[in-house]
Amino acid sequence: MTLPPPVGRPATEADRGRLVARLRNQAASAADLGSPMYATLLRGAATDVDLGGPCWRVMSAYADQPDSQALPLRFMAGVHRLVLRRQAPALATYYPSVGGTAGVDGLWSTFLSTVATHADELVELTGLACQTNEVGRSAALGPGLAWLAAQHDLPLHHREIGTSAGLNLRWDAFRYGTADESHTWGPADSPVDLVGHWADPPTDLPTTVEVASRAGCDPNLLDPASQADRETLTAAVWADMPQRHQRLKGALALAEAIPATTTRAGAGEWLADVLPDRPDGLTVVSHSVVWRYLPPAEQDTVVALLADVGASATATNPLAWLRLEPRPPAMVYDGTPYPLLATTWPGGATVELGLAQAHGQDLRWGPRPFVVDS
């Protein structure tokens, strides 16, 4: 995700009102997705912005940006960076990501004091892109890829747009399953444990999948071997969700062991380069919680390119488009599960494979023809 520069005009009262609403919406999302700590802090930040306090001082430079630029999450990631860098020792006592166990008493006042002390630095840190690269989304994407492989019985060539650090390109090395482990898939000793993410599990997946090649693109590409980029990924994971942090560490370890090719490029230009001369076998283009970050013109380019290339697809060289995204027109998380959609060529038919939450949890599998919402 590429961010625009800070606004060149002073923020307006309308900007502030919109930001208050966005912070409150993000607080509700954090609560729904299992982060009471971030829900508390985002609600506090909303009140502080409304009062014109330190949080407003930090975020006002970006307050006119659209929702797609994820300003509340970038702000929270900026504060998390201070904690990870051991620059905010008082706040660190509350952050489980660095061993904090202080609970909630005093959390907000310590957070606000930290923001006030580091406001100038946080303006800069909040300007950085927020790259979550949530590997939990593979709990939905992985079954989708395996299902597509089973439909075609061909070597799979995985192509991911908005790949960030490419962690989800190693999806077949993750462990999946229901909470009671009555249904599982993937290596039992995987360092990425997604057992518990399946509510209604897939029952028609192949035992293994031959992934012939893995490649992805991102305009703000991260290198999983870079310590700075690892900090970027870690800062974006909510601090009170230790299982997500453990999965991230496991995915980074797998990235060292399983090769993948990643390119710094936008989705449209990269797909135009890699799709026309794709190798024999099944090519699957995937993405998750990426679409809203693409400008409308680039969205149109990607859709048109897939349809154009798909028109020449054959039974021995098919093309598929797999995505886990919010339903339009909202395109932001509102508690409604995201559909997992797969379009395949030849033919261009779309199937809804199931529903999952924003971080891939609570997958409810059930392939059916896709019907566009009215």
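Predicted, not measured: the structure shown is a model, and the values here were computed from it. (Residues numbered from 1 in each chain as written. Predicted model: local features only at pLDDT ≥ 70, side-chain atom pairs only at ≥ 80, totals over all residues. Heavy atoms only, no water.)

With respect to the overall build of the protein chain
Cut-off, in case you're wondering: Strands are runs of DSSP state E lasting at least 2 residues, helices are runs of H or I lasting at least 4, and numbering of each runs from the N terminus. The globule rule used here is 2.2 Å times the number of residues to the 0.38 power, and the radius of gyration it is set against is calculated over C-alpha atoms. Accessible area is worked out with a 1.4 Å probe on protein chains only. A residue is then buried under 20% of its type maximum, exposed over 50%, and partly exposed in between. Between two residues, a contact is recorded if the distance between any of their heavy atoms is within 4.5 Å. Calculation of accessible area relied on Shrake-Rupley with a 1.4 Å probe; when residues are assessed, cover is drawn exclusively from the protein chains displayed. Only four residue types enter the tally: Lys and Arg on the positive side, Asp and Glu on the negative side, with His and both chain ends excluded. Note on charges: their place is set at NZ of Lys, CZ of Arg, CG of Asp or CD of Glu.
Scanning the protein chain from N- to C-terminus turns up twelve helices and eleven strands. Taken over C-alpha atoms, the radius of gyration comes to 21 Å for the protein chain, in line with the 21 Å a tight globule of 374 residues would show. For the protein chain, with 374 residues in total, the buried portion stands at 55%. A separation threshold of at least 6 residues defines the contact pool for the protein chain, and within that pool the share at least 24 residues apart is 70%. Taken as a whole, the protein chain presents about 15300 Å² of accessible surface, with 52% of it coming from carbon and sulfur. Separation of charge centres in the protein chain, based on 27 positive and 40 negative side chains, amounts to 4 Å.

So, the sheet that holds strand E6 (residues 261-264)
Two orientations exist for strands paired in a sheet by backbone hydrogen bonds: parallel and antiparallel. For clarity, the cut-off: Only strands that DSSP links by at least two bridges are regarded as paired with each other. Comment: axis = line fitted to C-alpha atoms, over the contacting stretch for helices; angle = value between 0 and 180 degrees taken between N-to-C directions.
With respect to topology, eleven strands assemble into an open sheet ordered E3-E2-E4-E11-E10-E9-E8-E7-E1-E5-E6, the strand pairing being mixed. Each edge of the open sheet is held by one strand with a lone partner, namely strand E3 (184-185) and E6. In the sheet, strand E8 (residues 319-324) pairs with strand E9 (residues 338-345) via six bridges, with the strands oriented antiparallel. Bridge pairing links Arg 323 to Leu 341 in E9. Contacts between helix H12 (residues 296-310) and the sheet are confined to strand E7 (282-288), E8 and E9, with E8 contributing the most and set at about 150° to the helix.

Some details on the nonpolar core
The cut-off we apply is this: Nonpolar cores were defined as sets of buried Ala, Val, Leu, Ile, Met, Phe, Trp, Tyr and Cys residues, with membership established by side-chain atoms within 4.5 Å.
Within the largest apolar cluster, 90 residues are counted, with the highest numbers of intra-cluster contacts made by Phe 75, Tyr 95 and Phe 111. In this structure, Trp 270, Leu 271, Val 290 and Trp 321 belong to the second largest nonpolar core, which totals 20 residues.

Some words on the pairing of E7
Burial analysis of E7 places seven of its seven residues in the buried class, the great majority of the element. What you see with E7 is no split at all: Leu 282, Val 284, Ser 286 and Ser 288 on one side and Thr 283, Val 285 and His 287 on the other are buried throughout. The pairing of strand E1 (residues 156-161) with E7 spans five bridges and is parallel. The residue of E7 that forms the bridge with Glu 160 is Ser 286. Sheet topology places E7 next to E8; six bridges connect them, and they run parallel. Within the sheet, the bridge partner assigned to His 287 lies in E8 and is Arg 323.

Let's talk about the pairing of strand E4 (residues 193-200)
Where strand E2 (residues 175-178) and E4 come together, four bridges link them in parallel fashion. Residue pairing across strands places Arg 175 opposite Asp 193, the latter belonging to E4. Two elements, E4 and strand E11 (residues 363-369), share two bridges in a ladder whose sense is parallel. Considered in E11, the bridge of Asp 200 is made with Arg 364.

Here we look at H12
Helical geometry note: an α-helix holds 3.6 residues per turn, so side chains three or four residues apart project in the same direction. This is how it is decided: One less than the number of residues in a helix, times 1.5 Å, gives the span that helix is expected to have. In this description, one arc is meant: the one made by directions from the helix axis to the C-beta atoms.
Compared with an ideal rise of 1.5 Å per residue, which puts 15 residues at 21 Å, H12 spans 21 Å between its outermost C-alpha atoms and is within 8% of the ideal. Turning to H12, its buried residues are Gln 299, Val 302, Leu 305, Leu 306, Val 309 and Gly 310. Along the axis of H12, the buried positions cluster into a sector of 130°, meaning they face one direction only. Opposite the buried face of H12, by more than 90 degrees, sit the exposed residues Pro 296, Ala 297, Asp 300 and Asp 308. Along its buried surface, H12 packs onto helix H11 (267-274), E7, E8 and E9.

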